[in-house]
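Chains, contacts and geometry: an overview
What follows is the residue order along each chain.
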Amino acid sequence: PRARAKLRGFFEHWLQLRFVESLPPAPAHFPGFTPELAEDLRTSLRLFLDDIAWDGSGDFRELLRAGHVFANARVAAYYGWPAPPGDGFARVAAPSGERSGVRTHPYLLAALSHPKSTSPILRGVFLTRGSVGRALRSPPVAVAFNDAEFAPGMSMREKVEKLTRAENCQGCHAVINPLGFSLEWYDATGRFRREEAGRPVDAASD
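Residues numbered from 1 in each chain as written. Predicted model: local features only at pLDDT ≥ 70, side-chain atom pairs only at ≥ 80, totals over all residues. Heavy atoms only, no water.

**Section: the side chain of Thr164**
Our working rule: Numbering of helices and strands runs from the N terminus, with a helix taken as a DSSP run of H or I at least four residues long and a strand as a DSSP run of E at least two residues long. When a residue's accessible area, from a 1.4 Å probe over protein chains only, is under 20% of the maximum for its type it is buried; when over 50% it is exposed; and in between it is partly exposed.
Structurally, the position occupied by Thr164 is in the loop between helix H7 (156–163) and helix H8 (167–181). For Thr164, a relative accessible area of 4% gives the class buried.

This is the structure in structure tokens:
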């Protein structure tokens, strides 16, 4: 039991879960994303990590490439996954190509989002530090993201590119942005999508 607790603490530190007090998606923009669903997602992530570490093959590469999730009926209904039997959680195979390990788990994707939209910057910073292992300096000038400052119809990718195009931003954002853009397949609640506001999602990471 103590080893399990220590390893769970490691995962919480690596995934920055200790700093997540509540998931940000705004209910008005994402009907159905309730506090109960958010709590279910936290349970789903814990079960996924426990399964990889203790109950499965023990191959830690599966942390980054597993195509399954753990879901109950409420989670499965919201994300469009096969409904598990019974009322509890069960291992569910996500549609092919939609999930790849812990980095695409809905709980983590929702935690790294704004209330009304995705955040390629938050997601990119997480991947830069937690997956690539690269240190990032504090930005020379802190620029807050204000969605109202952008023209209607712009994609989140276009907004981030405009916000960070200054030369003194590119020292870090040349790494952060492509990594964050690679997760634009997922909305602010971690649902897989192919369109954003009626336009095809551009998740290319050059």
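**Thoughts on the pairing of strand S1 (residues 68–71)**
Remember that side chains alternate between the two faces of the sheet whenever the strand is regular. The condition is simple: Being paired, for any two strands, means DSSP has found at least two bridges between them.
Residues His68 and Phe70 line one face of S1 and the alternating positions Val69 and Ala71 line the opposite face, and both faces are buried. Pairing of S1 with strand S2 (residues 90–93), which is carried by four bridges, proceeds in the antiparallel orientation. Bridging from a neighbouring strand, Phe70 pairs with Arg91 of S2.

**Digging into the packing of helix H1 (residues 2–14) against helix H2 (residues 35–55)**
A pair of packed helices can be characterised by two numbers: the angle between their axes and the separation between those axes. What counts is decided by this rule: Simply put, an axis is a line fit to the C-alpha atoms, just over the touching stretch for a helix, and the angle between two N-to-C directions goes from 0 to 180 degrees. When an angle is under 35 degrees it counts as roughly parallel; over 145 it counts as roughly antiparallel; between 65 and 115 it counts as roughly perpendicular; any other value is oblique. Crossing handedness follows the turn of the near helix against the far one: under a right angle anticlockwise gives a left-handed crossing, and clockwise gives a right-handed one. The contact criterion used is simple: two residues touch if any of their non-hydrogen atoms lie within 4.5 Å. As a working rule, the residues Ala, Val, Leu, Ile, Met, Phe, Trp, Tyr, Cys and Pro are called nonpolar, Asp, Glu, Lys and Arg charged, and the rest polar, with Gly in that last group.
Taken N-terminus to C-terminus, the directions of H1 and H2 make an angle of 120 degrees; their axes are 11 Å apart at the nearest point. The orientation of H1 with respect to H2, classified from their angle, is oblique. Along this stretch, H1 crosses H2, giving a crossing that reads as right-handed. The segment H1 lies against H2, with Ala3, Arg4, Leu7, Arg8, Phe11 and Glu12 engaging Arg42, Arg46, Leu49, Asp50, Ala53, Trp54 and Asp55. Partitioned by chemical class, the residues of the contact of H1 with H2 number six nonpolar, no polar and seven charged.

**Side note on the environment of Gly171**
Here Gly171 lies in helix H8. Given the relative accessible area of 38%, Gly171 is considered partly exposed. For the pair Gly171 and Ala90, spaced 81 residues apart in sequence, the C-alpha separation works out to 44 Å. With residues up to four places along the chain from it excluded, the contact list for Gly171 reads Arg134 and Arg137.

**Some details on H1**
Rule in force here: For a helix, the expected span equals 1.5 Å multiplied by the residue count minus one.
With 13 residues, H1 should cover 18 Å at 1.5 Å per step; its first-to-last C-alpha distance of 18 Å lies within 8% of that length. The set of residues buried in H1 consists of Gly9, Phe11 and Trp14. On its buried face, H1 sits against H2, helix H3 (62–65) and helix H6 (120–132). In the segment just after H1, Gln16 is the residue with positive phi, at about 60 degrees.

**Some remarks on empty space enclosed by the protein**
One water molecule sets the probe size; rolling that probe over the atoms shows where empty space is left. The cut-off we apply is this: Of the two site types, the cavity is a set of points on a 1 Å grid over the protein atoms alone where a 1.4 Å probe fits but cannot get out, and the pocket is an open set with protein on both sides within 12 Å along at least five of seven lines, each lined by residues with an atom within 4 Å of a point. Grid points are joined across faces, edges and corners, and a volume is the space filled by probe spheres set on the points.
Considering all chains together, one arrives at one cavity of 30 Å³ or more under this definition. The volume enclosed by the largest cavity comes to roughly 30 Å³. For the lining of the largest cavity, the class distribution of residues is four nonpolar, three polar and one charged.

**Quick word on unusual backbone geometry**
Unusually for a residue other than glycine, Gln16 sits at a positive phi of about 60 degrees. Note on placement: Gln16 falls in the loop between H1 and H2. Gln16 gets classed as partly exposed once you look at its relative accessible area, which sits at 32%. The phi dihedral of Ala197 is positive, around 55 degrees, even though this residue is not glycine.

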